[in-house]
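# Working through the structure, step by step
One-letter residues, chain by chain:
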There are 2 protein chains.
Amino acid sequence: MEEQTPQPNASVQSLNRALDLLETFPRLGPEIGLSRIAAELGLSKATAYRLLSTLETRGYVERAPDSRSYRLGLRAFELGMYYQGQLQVRQVALPYLREMCAQTGEVAFLCVREGDAAVCVERVDGSVQVNVFSLRVGGHQLLHCGAAPRALLSGLSDDEVRAYALRTGLPACTPQTLTRLDLLLEDVRCTRQQGFVVSLDDVTAGISAVGAPVFDHTGALLASISLSGLTNRFENERVAALGALVAGAAQRMSRQFGYRGTGTANQ
Amino acid sequence: MEEQTPQPNASVQSLNRALDLLETFPRLGPEIGLSRIAAELGLSKATAYRLLSTLETRGYVERAPDSRSYRLGLRAFELGMYYQGQLQVRQVALPYLREMCAQTGEVAFLCVREGDAAVCVERVDGSVQVNVFSLRVGGHQLLHCGAAPRALLSGLSDDEVRAYALRTGLPACTPQTLTRLDLLLEDVRCTRQQGFVVSLDDVTAGISAVGAPVFDHTGALLASISLSGLTNRFENERVAALGALVAGAAQRMSRQFGYRGTGTANQ
DNA sequence: ACCGCCGGTTCATATTATGAACCAGAGGAA
DNA sequence: TTCCTCTGGTTCATAATATGAACCGGCGGT
């Protein structure tokens, strides 16, 4: 209770604690015990227990089969799926993702930005089976690693990219990850010019992708799409073709949202 | 503040209010204004605003593009997808769902029980395009309508079925819905005997399905699977074949969970 | 039989959430 | 234009609310 919260806005602390609690499950493994949770959040067991009880009766938290520890509950899932179903950019994107998959056999992703991360909101698999993607639907990825994330990054201004680099420090996923700001800025400009990102092994070794950003009628960055697959299927000429494909799809999507620009320098 | 909550367990009321608020979005449309929310929840605007602000800074609520009204946020989606990814029954079920789809061309569902409703946690589409299913992934359905829901119902005891009927009143979705307790009990017993449910137009006209329950090693009901499609593809002989297929898949799943019984009367 | 740890519970305390009343601004009507 | 009525947002004194130290009873290992 000896907090010195600057209180930037009105806020409800017990709700914040409950949200911290819910987010503990993804952080610390699917099932956690009461004492662990309390310790982790810096709460007394009583407080943690009350929060857990409330969340449990509401279905946002379940008891594990051993009935000792807790895990995330079904209601959380229901809310999340409702969000996905309502997301209009997803509705617009789905046919394009399917089309790209059918044409190429690769895997198509749709991502939106959340702060410094890209969140994958949809994935459509093509004919080629690949299961080593680090990006799950509903999962995060920093904006400078991967095709769809970097497509989002390229939709930001240079200043925003610089600020992003300062905040995150551009950690590397693989030796191919762009970890220097100057190279990243250059890449971002190149991306804006040709209309698509090329990502070769920069998030997972052996996985490559191409991606492109989607804008709305105000020119604001809305989402990004990508085509991912095994690196050995991404040789030079095909990369150009795939890039043109995603860039074209992204541009048609942007038009559908009323965007009048091109998002590229040529064309 | 003049509540007479019997307080069955420890509970945090501001958290309850926040959860009510989140659940308001699925109930009352994707985007809602502050005043509407406050009125709907019986809160003062100040309280609703504080809850919304907290949820918004945490990403569980977003502002609509018009920046006046609120909608569900990306974090809710992330949590939900984490739940789905961790759900072990889904991991086990997926190959079976895919197999059934590939063999039949129909659409396969996986449902789990949540109180009086079945919640769809996975859907795998076959070769036949059908988009009129009332059951979305993450969506509800009362237990007495539809193949997968009724498969869950058949996993309950007769007394539980009776209690369910009393609670819900067995509302009808279509003229084919079983709305009489005696018929429902008979159907449930029949289901247990033959090992699968047959659902003909009882939730949506023109849509039929077969389903079967999945049990764990303690014999507790874990989930149910179903195959759904256009009714004109569900003539008598094929229904029997499809029923045997889902019942077999469900039984193999149950075995995988350590269930030693058969769940049926024959075999 | 012991000990330590677990989840769960109690209760006096004061921190915390509360809503009536209040702004400022947007949009419609006249 | 002016007026009016909505909206979302803010303030502040009040008391209702959440809080954690200390406490159980039970389980598992030693």
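Bringing the packing of helix α5 (residues 88-104) of chain A against helix α9 (residues 236-256) of chain A into the picture now. Residue and element names in this part refer to chain A. Between α5 and α9, the least distance of the axes is 10 Å, while the angle of their chain directions is 165°. The orientation of α5 with respect to α9, classified from their angle, is roughly antiparallel. As α5 packs across α9, the resulting crossing turns out to be right-handed. Here α5 contributes Val 92, Ala 93, Tyr 96, Met 100, Gln 103 and Thr 104 to the contact with α9, which in turn contributes Leu 242, Leu 245, Val 246, Ala 249, Met 253 and Gln 256. Of the residues belonging to the contact of α5 with α9, the class tally is nine nonpolar, three polar and no charged.

Another aspect to go through is the pairing of strand β8 (residues 221-230) of chain B. Residue and element names in this part refer to chain B. Within β8, eight of the 10 residues are buried, which leaves the element mostly enclosed by the surrounding structure. Pairing geometry for strand β3 (residues 107-114) and β8, over five bridges, is antiparallel. Its bridge partner being in β8, Phe 109 is matched across the sheet by Ser 226. Across nine bridges, the pairing between strand β7 (residues 207-215) and β8 is antiparallel. Bridging from a neighbouring strand, Pro 213 pairs with Ser 224 of β8. Linking β7 back to β8 in an antiparallel pair, the connection comprises five residues, with Gly 219 at a positive phi of about 85°.

What follows is about the sheet that holds strand β5 (residues 140-142) of chain A. Residues and elements named next belong to chain A. On the basis of which strands lie adjacent, the open sheet formed by six strands has the order β5-β4-β3-β8-β7-β6 and antiparallel pairing. Of all the strands in the sheet, the pair left with one neighbour each is β5 and β6 (197-200). When the angles between neighbouring strand axes are averaged without regard to direction, this sheet yields 30°. Sitting on the sheet, helix α6 (residues 147-154) is in contact with β3 (107-114), β4 (117-124), β5, β6, β7 (207-215) and β8 (221-230), with an inclination near 35° to β7.

So, about the relation of the copies chain B and chain A. Mapping chain B onto chain A calls for a rotation angle of 180° and an axial translation of 0.0 Å; the resulting RMSD is 0.0 Å. This pairing of chains is accounted for by a two-fold axis. Within chain B, Gly 80 of chain B has its C-alpha nearest the rotation axis, a separation of 2.2 Å. Comparing interface residues between copies, 100% of those in chain B also lie at the interface in chain A; the contact surface is shared.

Residues and elements named next belong to chain B. Among the secondary structure elements, Ala 220 is positioned in the loop between β7 and β8. Judged by the 11 C-beta atoms lying within 10 Å of it, Ala 220 is exposed. Spatially, the C-alpha atom of Ala 220 lies 38 Å from that of Arg 71, the residues being 149 residues apart in sequence.

Next up on the list: the interface of chain B and chain A. Contacts between the two partners involve 42 residues from chain B, matched on the other side by 42 residues from chain A. Sorting the residues of the side of chain B that touches chain A by element identifies α1 (13-28), α3 (45-58), α4 (74-86), β3 and β4 (117-124) of chain B as the ones contributing at least two each. Looking at which element gives the most residues to the side of chain B that touches chain A, the answer is α4 of chain B, with 12 residues. Looking at the side of chain B that touches chain A, its residues break down into 24 nonpolar, 13 polar and five charged.

In this section: the protein's contact with DNA strand C. Neighbouring residues of DNA strand C: 23 residues in total, closest Gly 33 and Ser 35 of chain A together with Ser 44, Ala 46 and Thr 47 of chain B. Of all elements in the fold, only α1 (13-28), α2 (34-41) and α3 (45-57) of chain A together with α1 and α3 of chain B reach the threshold of two or more residues within the surface near DNA strand C. For the surface near DNA strand C, the element with the highest residue contribution is α3 of chain B, accounting for four residues.

Inspection of the region around DNA strand D gives 23 residues, with Ser 44, Ala 46 and Thr 47 of chain A together with Gly 33 and Ser 35 of chain B positioned closest. Every element with two or more residues in the surface near DNA strand D is listed here: α1 and α3 of chain A together with α1, α2 (34-41) and α3 of chain B. Among the elements that line the surface near DNA strand D, the one with the most residues is α3 of chain A, at four residues. Each residue belonging to the surface near DNA strand D can be placed in one class, and the counts come to nine nonpolar, nine polar and five charged.

Reading the values: rules and limits
- Residues numbered from 1 in each chain as written.
- Chains lettered and ligands numbered in written order.
- Predicted model: local features only at pLDDT ≥ 70, side-chain atom pairs only at ≥ 80, totals over all residues.
- Axes fitted to C-alpha atoms, helices over the stretch in contact; angles between N-to-C directions.
- Helix = DSSP H or I, 4+ residues; strand = E, 2+ residues; numbered from the N terminus.
- Parallel < 35°, antiparallel > 145°, perpendicular 65-115°, else oblique.
- Left-handed = near helix turned anticlockwise from the far one by under 90°.
- Contact = placed C-beta atoms within 7 Å.
- Nonpolar A, V, L, I, M, F, W, Y, C, P; charged D, E, K, R; others polar.
- Buried ≥ 20, exposed ≤ 12 C-beta atoms within 10 Å, placed from the backbone.
- Pairing = 2+ DSSP bridges.
- Least-squares fit on C-alpha atoms with pLDDT ≥ 70 in both.
- Near = placed C-beta within 6 Å.

All quantities given are derived from atomic positions and should not be read as evidence of function.
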